[in-house]
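# Secondary and tertiary structure notes
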Amino acid sequence: MTTPPPAPASADWRARARGLRIRSRAFIDGRFVDAVSGRTFAAMSPIDGRTLAEVAECAEEDVDAAVHAARAAFADGRWRALAPARRKALMLAFAERIEAHAEELALLETLDMGKPIADSLAVDVPATVRCYRWYAEAIDKVYGEIAPTAPDSLALVTREPLGVVGAVVPWNFPMIMAAWKVAPALAAGNSVVLKPAEQSPLTALRLAELAAEAGIPDGVFNVVPGFGPVAGKALGLHPDVDGVFFTGSTETGKLFLQYSGQSNMKRVGLECGGKTPHIVLDGCGDPEAAADAAASGIFFNQGQMCTAGSRLILHRAVRDRVMERLLGHAAAYQPGDPLDPATRMGAMVDETHTMRVLGYIHVGREEGAALLTGGERVRRETGGCYVQPTVFDGVDNTMRIAREEIFGPVLAVITVDSAEEAVAVANDSPFGLAAAVWSDDVNTVHRVARSLRAGVVYVNCFDADDITTPFGGFKQSGIGRDKSLHALDKYTELKTTWMRLR
Ligand code: NAD
């Protein structure tokens, strides 16, 4: 058995960053092209404020060209009409190429959006590879149905690809969020136009190139970098897009419903924001483990997670034990150089978002919550965007820091006196993406888990994740589900073929 080579040290990552060839043009119909206008925007690294590349700024005409290429590919069947086993083989080759370029892609992701290189390597790249592999492997095992009609008929219920699929994704896990949409959409036979977030377009462009190298035909996977209100909107309003699948804020998600209504009534899938309640009850037998999970649940990825456990709801009986350990973790999560493999907390995605998060910290103070730790911007000398892990105690669920999604390393601690009160606080939110409960009492666990209005409920764990389970939100956290075989529902049309038998 051979052991893998050791991961590079920080100096190596910096040297590699200097030598990196960055793809910065749109990828349409199998080749890199400039925006029709010739315009570009700067891809800035939040690590140090440096410009990494000038990226093609796609607008309506570029989106139109990408949709046109995707439609042509769909119409002639160069991908849609392949045997599922053939699509599988090509997608597996694509996954293999991603794996072969793991370090390059991890570095691009870290430079572009500031997460620690250790996380890009251990989380983002492997999860992306697994997602493409899983849908590739699944697609030649999905069967249709025969309906139980009367004997004089035969009714086939089959699935067909939707057609041209638009995917609009955020910057917090750029590769993974794109993979959750692109992988099932491609596996099902669709053609895809992906609009990455303007804060993090670089890995998407490289992935499109790797897909082409793996043999995925021209026009099947297109990438149009650009700004949301222009390129994203153009995709949402395009009359020849059959479905648009979005991950991002609830505010923007609502716009996609409007775009659909204003254009061709395209199918819309939404994965939106959250304000996850993380409940630790008096029956929790391991408050230390709960504290560990509470810390990583809000500080991992600099708190820029849709599932971030941003409301820690503690039963008074376990409160002190959890808080003591949690504050110790906060001290250990101080932001460092994202290119140092030992760093656990990196940079916020950009200056605008940093100011937004600091603004919420100001709001928390003004609302009268008690700032126990953090609250400051740090590492200013780097020119980058770094915010300390921040914990507010004495939070009331009516405060803005408990109601609105901050999307940063800011925790609101709410103390309760019963499981019933915990559930009431947890459910008193416009969001319903995820929730967690810690208790060793099996009755309490079941009662609470059933009462929580959320798409995912974690019991005695937090943010457990696997491609095999559906993911998405209740209430204003979204419409539809990513991951698992359920995601294929979004990217396929159900067809009944009714045959009268003579
Ligand atoms: P965002 O809504 O600002 O942007 C998301 C995407 O939408 C980007 O590609 C952006 O360019 C585009 N966009 C922005 N304005 C647009 C407009 N007017 N028209 C069309 N497209 C537009 O969100 P963000 O700041 O990139 O990401 C953070 C949000 O994403 C958080 O709310 C987070 O909870 C959510 N998120 C949800 C999930 C999930 O699975 N539920 C996963 C990750 C992130």
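In this text the structure is predicted, and so the values were computed from the model without any measurement. (Residues numbered from 1 in each chain as written. Predicted model: local features only at pLDDT ≥ 70, side-chain atom pairs only at ≥ 80, totals over all residues. Heavy atoms only, no water.)

### Section: a negative patch on the surface
Definition in use: Like charges are joined within 9 Å and nonpolar side chains (Val, Leu, Ile, Met, Phe, Trp, Tyr) within 5 Å, but only among residues with over 30% relative accessible area and no salt bridge; these make up the patches. Under the convention used here, a 1.4 Å probe and the Shrake-Rupley method define accessible areas, while residue burial counts only the protein chains that appear. Salt bridges, as used here, are contacts in which a Lys or Arg side-chain nitrogen is within 4 Å of a carboxyl oxygen on Asp or Glu. Note that His is not counted, nor are the chain ends; the positive residues are Lys and Arg, and the negative ones are Asp and Glu. One atom stands in for each charge, and that atom is NZ of Lys, CZ of Arg, CG of Asp or CD of Glu. Each helix is a run of DSSP H or I of at least 4 residues and each strand a run of E of at least 2, with the numbering of both proceeding from the N terminus. Here the term buried applies to any residue with accessible area under 20% of the maximum for its type, exposed to any over 50%, and partly exposed to those in between, with areas from a 1.4 Å probe on protein chains only.
Together, Asp282, Asp286, Asp440 and Asp441 line one region of the surface with negative charge. In this structure, Asp441 sits in the loop between strand S20 (434-438) and helix H15 (442-451). According to the relative accessible area criterion, Asp441 is partly exposed, its value standing at 34%.

### Concerning the site of the ligand
Note the threshold: Any residue with a heavy atom positioned within 4 Å of a molecule or strand is treated as near that molecule or strand. The term polar contact refers here to a pair of N or O atoms within 3.5 Å; inside protein, the definition further demands a hydrogen-donor-capable atom paired with an acceptor-capable atom, and it admits residues adjacent in sequence only when both atoms are side-chain atoms. The definitions used throughout rest on a 1 Å grid laid over the protein atoms alone, on which a cavity is an enclosed set of points accommodating a 1.4 Å probe that cannot get out and a pocket is an open set flanked by protein within 12 Å on both sides along at least five of seven lines; lining residues are those having an atom within 4 Å of a point. Should more than half of a molecule's atoms lie within 2 Å of a pocket's or cavity's grid points, that molecule is taken to sit in it.
Taken together, 30 residues lie around the ligand, and Lys195, Glu198, Ser249, Tyr259 and Glu405 are the ones closest in. Within the side chain of Tyr259, one N or O atom sits 2.7 Å away from a nitrogen atom of the ligand. In isolation the ligand offers 840 Å² of accessible surface; the protein chains occlude 90% of this area. Of the pockets mapped on this structure, the ligand occupies the largest pocket.

### Details of helix H8 (residues 228-237)
What counts here: Two residues form a contact once any of their heavy atoms are found within 4.5 Å.
Of the residues making up H8, those classed as buried are Ala231, Gly232, Ala234, Leu235 and Gly236. On its buried face, H8 sits against helix H2 (60-76), strand S7 (164-168), strand S8 (191-195) and helix H9 (250-262).

### Section: the packing of aromatic side chains
Rules: Only Phe, Tyr and Trp rings are paired, with Trp represented by its six-membered ring, and only when their centres lie within 6.5 Å; those with planes under 30 degrees apart are stacked, over 60 edge-to-face, the remainder tilted. By definition here, charges over rings are those cases where NZ of Lys or CZ of Arg is within 6 Å of the ring centre and within 35 degrees of the ring normal.
Summed over the entire model, instances satisfying the criterion amount to 13 aromatic pairs. Considering the side-chain rings of Phe41 and Phe227, the 5.0 Å spacing of their centres and the 50° angle between planes classify their relative orientation as tilted. With Phe41 in strand S3 (residues 40-44) and Phe227 in the loop between strand S9 (221-223) and H8, this residue pair connects regions lying 186 residues apart in the sequence. We classify Phe41 as buried; its relative accessible area is 6%. When the ring centre of Trp13 is taken as reference, the NZ or CZ atom of Arg16 above it lies at 5.2 Å. It is Arg80 that lies over the ring of Phe74; its NZ or CZ is 5.1 Å from the centre.

### Topic: unusual backbone geometry
Positive phi values are uncommon outside glycine, yet Asn301 reaches one of about 60°. On the basis of relative accessibility, which here comes to 0%, the residue Asn301 falls in the buried class. The phi dihedral of Phe407 is positive, around 65°, even though this residue is not glycine. Inspection of the secondary structure assignment puts Phe407 in the loop between helix H13 (400-403) and strand S18 (410-416).

### Description of the sheet that holds strand S5 (residues 145-146)
Quick reminder of the rule: Two strands are said to pair when DSSP picks up at least two bridges between them.
Spatially, the three strands line up as an open sheet ordered S5-S6-S24, and their pairing is antiparallel. Two strands in the sheet have a free side with no partner beyond their single neighbour: S5 and strand S24 (492-500). For strand S6 (residues 153-161) and S24, the ladder comprises nine bridges, and the chain directions are antiparallel. Each residue of the ladder has a partner; that of Val157, found in S24, is Thr496.

### Section: the domain arrangement of the protein
Put simply, the rule is: Those domain boundaries reflect an automatic or database domain assignment. Note on definitions: buried area is the accessible-area loss of two parts on being combined, 1.4 Å probe, summed for both. Three residue categories are used. Nonpolar comprises Ala, Val, Leu, Ile, Met, Phe, Trp, Tyr, Cys and Pro, charged comprises Asp, Glu, Lys and Arg, and polar comprises the others, including Gly.
Along its sequence, the protein is organised into domain 1 (10-272 + 478-496) and domain 2 (277-466). If you average the C-alpha positions of domain 1 and of domain 2, the two centres end up 30 Å apart. A buried area of about 2300 Å², summed over both sides, lies between domain 1 and domain 2, and 58% of it is on carbon and sulfur atoms. When the area that domain 1 buries against domain 2 is broken down by residue, the three leading residues are Pro46, Ile47 and Trp171, summing to 22%. Where domain 1 packs against domain 2, one counts three salt bridges. At the junction of domain 1 and domain 2, the tally comes to eleven residue pairs in polar contact (both at pLDDT 80 or more). Those elements giving two or more residues to the side of domain 1 that touches domain 2 turn out to be helix H1 (10-19), helix H4 (102-113) and helix H5 (117-139). Ranked by residue count, the leading element in the side of domain 1 that touches domain 2 is H5, at five residues. Here the residues of the side of domain 1 that touches domain 2 are counted per class, giving 14 nonpolar, seven polar and seven charged.

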